[in-house]
Amino acid sequence: MNKYRVAVIGRTGKGNYGHGLDTVWVKCSKAEIVAVADENETGRAAAAKRLGAKNAYADYRKMLETEKPQIVSVADRWPDCHRDMVIACAEFGANVFLEKPAARTLQEADEMIAACEKSHIKVAIAHQTRYSPRVKVVKELIAADRIGEILELRGHGKEDKRGGGEDLMVLGTHTFDLMRFLAGDARWCFARIQQGKRKAMAGDVHQAGEQIGPIQGDSIHATYGFDGLAIGSFFTHVAKAGVGSRYWLEIRGTKGVIHIGFGILPVAFLCEDPSGLFGKSKAPWQEITSAGLGKPEPLDEKTLDNGNILIVNDLIEAIEKDRPPLDSLHDGRAALEMILAVYESYRLEKPVDLPLKNRKHPLAGM
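Below or above, wherever it landed, is the structure these notes cover. (Residues numbered from 1 in each chain as written. Predicted model: local features only at pLDDT ≥ 70, side-chain atom pairs only at ≥ 80, totals over all residues. Heavy atoms only, no water.)

Side note on the side chain of His 82
Inference 1: Here His 82 lies in helix α3 (residues 82-91).
Inference 2: Exposure remark for His 82: the relative accessible area of 0% places this residue in the buried category.
Inference 3: Only 2.7 Å separates the side chain of His 82 from the backbone oxygen of Asp 76, close enough to count as a polar contact.
Inference 4: Among the polar contacts listed, one links the side chain of His 82 to the backbone oxygen of Trp 78, at a separation of 3.3 Å.
Inference 5: Among all residues touching His 82, those that are not within four sequence positions of it are Val 74, Asp 76, Leu 98, Glu 99, Pro 101, Ala 102, Ala 103 and Met 112. (Helix = DSSP H or I, 4+ residues; strand = E, 2+ residues; numbered from the N terminus. Buried < 20%, exposed > 50% of the residue type's maximum accessible area, 1.4 Å probe, protein only. Polar contact = N/O pair within 3.5 Å; in protein donor to acceptor, adjacent residues only side chain to side chain. Contact = heavy atoms within 4.5 Å.)

A closer look at the sheet that holds strand β3 (residues 55-57)
Inference 1: The strand order β3-β2-β1-β4-β5-β6 describes an open sheet built from 6 strands, whose pairing is parallel. For this open sheet the edge positions go to β3 and β6 (123-125), each flanked by a neighbour on one side alone. The average angle at which neighbouring strand axes cross in this sheet is 25 degrees, direction not considered.
Inference 2: In this sheet, strand β5 (residues 95-98) lies alongside strand β4 (residues 71-74) in parallel orientation, the contact comprising 4 bridges. In the strand pairing of β5, Ser 73 is matched with Phe 97.
Inference 3: Along the sheet face, helix α1 (residues 41-51) touches β1 (4-9), β2 (31-37) and β3 and points at about 175 degrees away from the line of β2. (Pairing = 2+ DSSP bridges. Axes fitted to C-alpha atoms, helices over the stretch in contact; angles between N-to-C directions.)

Describing the pattern of salt bridges
Inference 1: A complete count under the given rule lists 35 salt bridges for this structure.
Inference 2: A salt bridge links Asp 22 to Arg 50; the nearest nitrogen and oxygen atoms lie 2.8 Å apart. Separated by 28 residues along the polypeptide, Asp 22 in the loop between β1 and β2 and Arg 50 in helix α1 bring together distant segments of the chain.
Inference 3: Arg 83 is the partner of Asp 84 in a salt bridge, and the nearest nitrogen-oxygen pair spans 2.5 Å.
Inference 4: In this structure Asp 84 comes out as partly exposed when scored by relative accessible area, which is 33%.
Inference 5: Since its relative accessible area comes to 27%, Arg 83 is described here as partly exposed. (Salt bridge = Lys/Arg side-chain N within 4 Å of Asp/Glu carboxyl O.)

What to know about unusual backbone geometry
Inference 1: Looking along the chain, the bond that leaves Lys 100 and enters Pro 101 is cis, with omega of -10 degrees.
Inference 2: Within the element layout of this structure, Pro 101 appears in the loop between β5 and α4 (106-119).
Inference 3: Leu 354 connects to Pro 355 through a cis peptide bond whose omega is 5 degrees.
Inference 4: Positioned with a positive phi, His 120 is a non-glycine residue whose angle comes to about 55 degrees.

Regarding the pairing of β5
Inference 1: Side chains Asn 95 and Phe 97 of β5 all project onto a buried face; the interleaved residues Val 96 and Leu 98 project onto the opposite face, where all are buried too.
Inference 2: Crossover β4 to β5 through α3 is right-handed.
Inference 3: Here β5 runs beside β6; their pairing, made up of 3 bridges, is parallel. Across the sheet, residue Leu 98 finds its bridge partner in β6, namely Ile 125.
Inference 4: Taken together, β5, α4 and β6 form a β-α-β motif whose crossover is right-handed. (Right-handed = clockwise from strand over helix to strand, strands pointing away.)

Re a nonpolar patch on the surface
Inference 1: Taken together, Trp 188, Phe 190 and Ile 231 make up a surface patch of nonpolar side chains, about 250 Å² in accessible area.
Inference 2: Summarising the element assignment, Trp 188 is placed in strand β8 (residues 186-195). (Patch = residues over 30% accessible without salt bridge, like charges linked within 9 Å, V, L, I, M, F, W, Y side chains within 5 Å. Areas by Shrake-Rupley, 256 points an atom, 1.4 Å probe, with all protein chains shown as cover.)

As for the layout of surface pockets
Inference 1: Each pocket or cavity is described by its volume, and for the largest pocket that value is around 320 Å³.
Inference 2: For the largest pocket, the lining is made up of 17 residues, of which His 19, Lys 100, Lys 158, Leu 171 and His 174 are closest to its centre.
Inference 3: Its residues placed into classes, the lining of the largest pocket shows 5 nonpolar, 6 polar and 6 charged. (1 Å grid on protein atoms, 1.4 Å probe; cavity = no way out; pocket = protein on both sides within 12 Å on 5 of 7 lines; lining within 4 Å. Points joined across faces, edges and corners; volume = space filled by probe spheres on them. Nonpolar A, V, L, I, M, F, W, Y, C, P; charged D, E, K, R; others polar.)

Some points on the packing of helix α5 (residues 133-143) against helix α7 (residues 172-183)
Inference 1: Their axes nearest at 10 Å, the elements α5 and α7 cross at an angle of 40 degrees. It follows that α5 is oblique to α7 by the angle criterion. Taken together, the residues of α7 that come into contact with α5 (itself represented by Val 135, Val 138, Lys 139 and Ile 142) are Leu 178, Phe 181 and Leu 182.
Inference 2: By residue class, the composition of the contact of α5 with α7 is 6 nonpolar, no polar and 1 charged. (Parallel < 35°, antiparallel > 145°, perpendicular 65-115°, else oblique.)

Concerning the packing of aromatic side chains
Inference 1: Taken as a whole and assessed by the stated rule, the structure comprises 3 aromatic pairs.
Inference 2: The side chain of Arg 50 reaches across the aromatic face of Tyr 17, ending 5.0 Å from its centre.
Inference 3: The aromatic ring of Phe 181 is capped on one face by Lys 139, whose charged end is 4.5 Å from the ring centroid. (Phe/Tyr/Trp six-rings, centres within 6.5 Å; stacked < 30°, edge-to-face > 60°. Lys NZ or Arg CZ within 6 Å of the ring centre and 35° of its normal.)

Here it is, written out as structure tokens:
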């Protein structure tokens, strides 16, 4: 069996290699890692040894030109170079496994999509929760009308020291991707941003860590409208208590409630009572596993490699069947759009329709 030629791009000290987007290929039977690129000499040598790559480059463009890989992991966790790296991959005809968030602005994401479509390459985003076998069951339960029509989707960030703007960008991308997977595209957004106990001002805009671009506020509440009756909400703040404990998504319907976390095998429960009151509901809370409702979990999280192995296998199948990956660059852009809609709504002080007309960062120039 001929194996796919795979290369990895990372930046030691500037986003590194994401959450295992490099090492997953070692476990993929259909892949052979041929090279790694890293501008940091020490990091480059370590990555080549870790991945068993025969060749290592300081310049990823030189690597693409010389090695001609069929798939590239753009693993850098910082998104400031995602646009340039993905467009370079497209120019050399390489499909991409891309760390989230997809880009810093919608303009960057638009340019990435245009380049990839021109070269007819596939891009899969590292939104691991979407690939969860448990999420697949959740989606099937919703389709089977077990919770009725969706009324509300309620999510939070991790609400640690990054609470507010950084949490919105770094963790919110997972929440919005899952909202879209379960409820479809968001059609509008209305948001409120605070700094401490006051309204956030232009002077509160600053550059965040991880090179994600400008952010604003340490407390954000955003509301989204989906098709039908469904309303989504996202809240993040710098929490004084319960840090990380609210990083989940609740889906309330006319007949029941689903509570789900994030990850490849997230905690997930269904209550077929719209009140969803623990200990008081007419129906019990039943655990959702990859095997179904109330059944033991047959899968081991360790073997799923944080979900990355499922993503790369799906990407390879998408290449072979000429279909979009389960979580494509279009999905990555849509999640980013929900993030940036928060700032656009707050800037204009009114609800904004999605897709956004403004493709630049709403905080640029403030």
